[in-house]
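One-letter residues, chain by chain:
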Amino acid sequence: MSKSLIVDVAVATCDGPSPYGLIEDAAVAIEGDRIAWVGRRADLPAAHDDASETGFGGRLVTPGLIDCHTHLVFGGDRAREFELRLEGASYEEIARAGGGIMSTVTATRAAAEAELLKDALTRADALIAEGVTTLEVKSGYGLDRDTELTMLRVARRIAQERPVTVRTSFLGAHAVPADYSGRADTYLDEVCLPTLEAASAAGLVDAVDGFCEGIAFSPAQIARVFEAARALNLPVKLHAEQLSNLGGAALAASYKALSADHVEYLDEAGVAAMAAAGTVAVLLPGAFYTLRETQVPPVDLFRQHRVPLALATDCNPGSSPLASLLLALNMGCTLFRLTPEEALRGVTAHAARALGLGDRGTIAPGQRADLAVWSVSHPAELAYRIGFNALHRRVFGGVL
Ligand code: DI6
Ligand code: FE
């Protein structure tokens, strides 16, 4: 087994106590694809003396970043809607007029699989260049059996083409396609639920997601999707309380959801339900910013109820054309008043939890050796700078 040793670094383990689980004058020992030891260099056990050593000139090491909510696979773009919104149209008006998600569905159905992959890799590369080592990708722009399966296959392919872990979420309940307009339950029966079964049987699904909103699916309809997920033994998560409060997060919590995402319009009862279920709140400041939302998610209530906070890009062509997790960190602090430490834990330890992954997101013995080495002197710099990528080196599965 390969043994290597990282020295002359500070390590933000995102594991220990505040601030950042920080260890100064640290060393990280790696064996194979796992972290074998982390601590102060002076305390390094002799067992690691024979490892090949790399010094990083006093730089900062963090866990590899995790983007736990993306829609990275899609066809076309929505620049025209950006223009329409600047002329005064709202996101909901555009969606109700057949634009929005449905226009991306049309473009995604028309795209060749190779083209979807090529464009998804371009976006994945932007994330990887900022130290991302794990990312989640959703379906939901197919809304028919073949295209949903294609999207999930393309998502899996990203992990074959690049050194990154991909987790897939089935999002068949993203929008009601035009041919099922006004018949959402029929769409679930005839398309969404059978496709979920087929995708799961093909090993293409790690979790099941939905969009619970006036312009999408009701809580009762989402509950049907979650029942199907439960029957397949798949964990669930939900786009909830993004534009209004329908009780989606509480519904998700009642299914022990991994996460409830967006949650700007969540109330205290919903926060308490998430806390009781251990459901992570995934905050998506890119969508908040793009839609010029003014309702800030209830961050203080999440703190009071000890709901773990994660941050993600929500990279999608409509509400969040953002392919920078570092910018999401900055926006999380500036727009939502997260501390830089909450933001960093939100794209490491808590993002891992939002994906149900216990083997990453912190720097501790036994964890995957997914690391990012940064040319910064303090971890707060990662969130503080805007449009600046301080990544020096990425380590994926122990490979420097
Ligand atoms: N909420 C979002 O922010 C994305 N999906 C969702 O359910 C937006 C998707 C889009 O506008 O294409
Ligand atoms: Fe989303």
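All of the points below concern the structure found in this document. In this text the structure is predicted, and so the values were computed from the model without any measurement.

Lining the immediate surroundings of ligand 1 are 14 residues, of which Arg78, Tyr91, Tyr141, His174 and Ser319 lie closest. In this structure, an oxygen atom belonging to ligand 1 sits 2.6 Å away from a side-chain N or O atom of Tyr141. Protein burial of ligand 1: of its 320 Å² of free accessible surface, 100% is covered by the chains. Of the residues assigned to the shell around ligand 1, the class counts are 4 nonpolar, 8 polar and 2 charged.

A few words now on helix α12 (residues 325-336). Helix length check: α12 (12 residues) gives 15 Å between terminal C-alpha atoms against 16 Å at 1.5 Å per residue, within 8%. The buried fraction of α12 is high, at 9 of 12 residues. Looking only at α12, the buried set comprises Leu325, Leu326, Ala328, Leu329, Asn330, Met331, Gly332, Cys333 and Phe336. Residue Arg337 follows α12 closely and has a positive phi angle near 65°.

Within the first shell, the iron ion (ligand 2) binds the protein through His69 (NE2), His71 (NE2), His239 (NE2) and Asp314 (OD), at distances of 2.1 to 2.3 Å. In this structure, the iron ion (ligand 2) is coordinated by 4 donor atoms arranged in irregular fashion, with angles at the metal of 82 to 168°. Mapped onto the sequence, the residues coordinating the iron ion (ligand 2) show the spacing H-x1-H-x167-H-x74-D. Taken together, the residues His71 in the loop between β5 (65-67) and α1 (79-86) and Asp314 in the loop between β12 (309-311) and α12 connect sequence positions 243 residues apart.

Attention now goes to the pairing of strand β9 (residues 237-240). Side chains Lys237 and His239 of β9 all project onto a buried face; the interleaved residues Leu238 and Ala240 project onto the opposite face, where all are buried too. Bridge count for β9 against strand β10 (residues 259-262) is 4 bridges, and the pairing is parallel. Looking at the pairing, Lys237 lines up with Ser259 of β10. Each parallel crossover has a hand, and for β9 linked through helix α8 (residues 248-254) to β10 it is right-handed.

This part takes up the side chain of His239. Within the secondary structure layout, His239 lies in strand β9. Residues within four places of His239 in sequence aside, it is in contact with His69, His71, Lys138, Leu171, Asp209, Gly210, Phe211, Cys212, Asp261, His262 and Asp314.

Moving on to the pattern of salt bridges. Side chains that differ in sign of charge can pair as their charged atoms come close. Enumeration according to the criterion identifies 27 salt bridges in this entry. For Asp209, the salt bridge is made with Lys138, and the minimal N-O distance between the two is 2.7 Å. One end of the pair, Asp209, is in strand β8 (residues 207-210); the other, Lys138, is in strand β6 (residues 132-138), and 71 residues separate them in sequence. This pair shows no difference in class: Asp209 is buried, exactly as Lys138 is.

Now for the sheet that holds strand β3 (residues 34-40). Ordered by their spatial adjacency, 6 strands build an open sheet running β3-β2-β1-β4-β13-β14, and the pairing between neighbours is mixed. Strands at the two margins of the open sheet, each flanked by one partner only, are β3 and β14 (391-395). Geometrically, the sheet is characterised by an average inter-axis angle of 40° between neighbouring strands, direction not taken into account. Across 7 bridges, the pairing between strand β1 (residues 3-12) and strand β2 (residues 22-31) is antiparallel. Looking at the pairing, Lys3 lines up with Glu31 of β2.

Here is what the cut-offs are and how they apply
- Residues numbered from 1 in each chain as written.
- Chains lettered and ligands numbered in written order.
- Predicted model: local features only at pLDDT ≥ 70, side-chain atom pairs only at ≥ 80, totals over all residues.
- Heavy atoms only, no water.
- Near = heavy atom within 4 Å.
- Polar contact = N/O pair within 3.5 Å; in protein donor to acceptor, adjacent residues only side chain to side chain.
- Areas by Shrake-Rupley, 256 points an atom, 1.4 Å probe, with all protein chains shown as cover.
- Nonpolar A, V, L, I, M, F, W, Y, C, P; charged D, E, K, R; others polar.
- Helix = DSSP H or I, 4+ residues; strand = E, 2+ residues; numbered from the N terminus.
- Expected span 1.5 Å × (residues − 1).
- Buried < 20%, exposed > 50% of the residue type's maximum accessible area, 1.4 Å probe, protein only.
- Donors = N, O, S within 2.8 Å, 3.2 Å for Na, K, Ca; no water.
- Tetrahedral: all angles 85-135°; square planar, octahedral: opposite > 155°, others 65-115°.
- Pairing = 2+ DSSP bridges.
- Right-handed = clockwise from strand over helix to strand, strands pointing away.
- Contact = heavy atoms within 4.5 Å.
- Salt bridge = Lys/Arg side-chain N within 4 Å of Asp/Glu carboxyl O.
- Axes fitted to C-alpha atoms, helices over the stretch in contact; angles between N-to-C directions.

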